[in-house]
Amino acid sequence: MSRGAPLRVMGWGTYDASRHPRAGILLDGLRASGADVVEVNQPDSTSTAERVDAVSSMGAALGTVLKLPAVWFRLARRARKEMRRKPVDALLVGYLGHMDVIAARVLFPRTPIVLDHLIFAADTARDRSSGSGLMQRLLGVLDRTAIASATVVVLDTDEHLAMLPNRARRKGLVVPVGAPDAWFESGASRAAGDPDAPLSVIFYGLFTPLQGAETIGAAARLLHERGANVAITMVGTGQDHAATVAAAGEAPVTWIDWVQPADLPALVASHDVCLGIVGTTPKGSRVVPNKVYQGLAARCAVITSDTPPQRRMLQDAVRYVPTGDAEALADAIAGLATDRTELAALALRGAELAQARFSPAALGGELMARIAQVTA
């Protein structure tokens, strides 16, 4: 890096910021902090379901791996052309870049590399009860190799930082997941709610065990049986979808299989309450999910599980409930339905915290400082 010149960072790899916005948040945060950011990116078209399959079977995993070298070759060619035009100080390999970062280390051996290691592959497979014991051990090797290939490893919570191998702990940097600017824009333009209308509640996700969607379905049934003035929308499909529908029983839930990512911020901002996670899996106790940050940015009141990382990150900006407790979740939703003053106050606290700490501009500074340190 030339003295006095802006830090130049290249986003590199197969990340898909439209479906998984974390990479976009980090890159936008670096831009907001004064970095010169360029992207050399070919988003992976593999669906989330196919990615889950890839950690469940050796055949699916092999199919995923075999298609990547051609993509890396094209990305490397584009990156080198960009580097000849103007050198870069560091590469940032985006979310789900476990294999991308290994390729990047081989292709660019002298360039500092930042890995956004938002999930550990082996941990995710265990959480979803996917893959054999052998497959999970291989994913553990993948995690360790990815971490070893990086210069800086970005994680989202202290709990995930503690999962790094001891020798790699010094590489770690905790940066909350945050929310893209589009969510803040949707929150700023949301209309005032009608206090006489049913409380509108939304959940969206992949219906994984971590999310606890089945508990949300059971809470919807309880609210319906109580005659609560509540309207619940659930967006997405996945592993626990059928069990969630069964748990909801006769509750008049609005089920939506898919929403385009670009349309999701406005949809969420049109609701009063955004639900986070309430699952009981070990991984659930180590994360603050993106939907919590996004719900805060959209100026919704947020209800989520009472776990150490969420308490630490979110303070009094959300309503907490015990994991896996449908009764407590139903009580929390019903309480906000009957106390619209608290609903508004909770949404305001959340929006203020999100703007101060979880916007791209708020998140970029510390990452910028670490990259400057390793490129000095």
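It should be noted that the structure appears before, not after, this text.
Remember, it's a predicted structure, so these values are computed and weren't measured experimentally. (Residues numbered from 1 in each chain as written. Predicted model: local features only at pLDDT ≥ 70, side-chain atom pairs only at ≥ 80, totals over all residues. Heavy atoms only, no water.)

K.L.:
What should I look at first to understand the sheet that holds strand E10 (residues 273-275) in this one?
P.N.:
Sheets are built from strands that pair by backbone hydrogen bonding, the pairs being arranged parallel or antiparallel. As summarised here, the arrangement of the 6 strands in space is E9-E8-E7-E10-E11-E12, forming an open sheet in which the pairing is parallel. Of all strands in the sheet, those with a lone pairing partner are strand E9 (254-256) and strand E12 (319-321), marking the two edges. On average, adjacent strands in this sheet sit at an angle of 20° to one another, irrespective of strand direction. As paired strands, strand E7 (residues 199-204) and strand E8 (residues 230-235) are joined by 6 bridges and run parallel to one another. Among the inter-strand pairings, Tyr 204 is bridged to a residue of E8, identified as Val 235. Together, E7, E10 and strand E11 (301-305) form the strand contacts of helix H13 (residues 290-297), whose direction differs from that of E11 by roughly 160°. Packing against the sheet, helix H16 (residues 340-358) makes contact with E7, E10, E11 and E12, and its axis sits at approximately 80° to E11. (Pairing = 2+ DSSP bridges. Helix = DSSP H or I, 4+ residues; strand = E, 2+ residues; numbered from the N terminus. Axes fitted to C-alpha atoms, helices over the stretch in contact; angles between N-to-C directions. Contact = heavy atoms within 4.5 Å.)

K.L.:
Please explain the packing of aromatic side chains as it appears in this structure.
P.N.:
Centre-to-centre distance and the angle between the planes together describe a pair of aromatic rings. As enumerated under the stated definition, the model contains 4 aromatic pairs in all. Taking 6.1 Å as the distance between ring centres and 20° as the angle between the ring planes, the aromatic pair formed by Trp 183 and Tyr 204 counts as stacked. One end of the pair, Trp 183, is in helix H9 (residues 181-188); the other, Tyr 204, is in strand E7, and 21 residues separate them in sequence. Here Trp 183 falls in the buried class, since its relative accessible area comes to 5%. Ring geometry for Phe 203 against Phe 207: centres 5.6 Å apart, planes inclined by 90°, an arrangement best described as edge-to-face. (Phe/Tyr/Trp six-rings, centres within 6.5 Å; stacked < 30°, edge-to-face > 60°. Buried < 20%, exposed > 50% of the residue type's maximum accessible area, 1.4 Å probe, protein only.)

K.L.:
Please clarify how the sheet that holds strand E1 (residues 8-13) should be interpreted in this entry.
P.N.:
Taken together, the 6 strands give an open sheet; going across it, the order is E2-E1-E3-E4-E5-E6, and neighbouring strands pair in parallel fashion. The open sheet has two edge strands, strand E2 (36-41) and strand E6 (172-174), and neither has a second partner. Along the sheet, successive strands turn relative to each other by an average axial angle of 25°, direction set aside. In the sheet, strand E3 (residues 90-93) pairs with strand E4 (residues 113-116) via 3 bridges, with the strands oriented parallel. Along E4, the bridge assignment pairs Leu 91 with Ile 113.

K.L.:
Would you mind going over the nonpolar core with me for this structure?
P.N.:
Soluble globular proteins: nonpolar side chains tend toward being buried together. By size, the foremost hydrophobic cluster in this structure holds 35 residues, and its most contacted members are Leu 199, Val 273, Leu 275, Ile 303 and Ile 333. Put simply, the parts of the chain that give this core at least two residues each are E7, helix H10 (213-226), E8, helix H11 (241-248), E10, E11, helix H15 (326-338) and H16. Within the second largest apolar cluster, 33 residues are counted, among which are Val 259, Cys 274, Met 313 and Leu 314. (Core = buried A, V, L, I, M, F, W, Y, C linked by side-chain atoms within 4.5 Å.)

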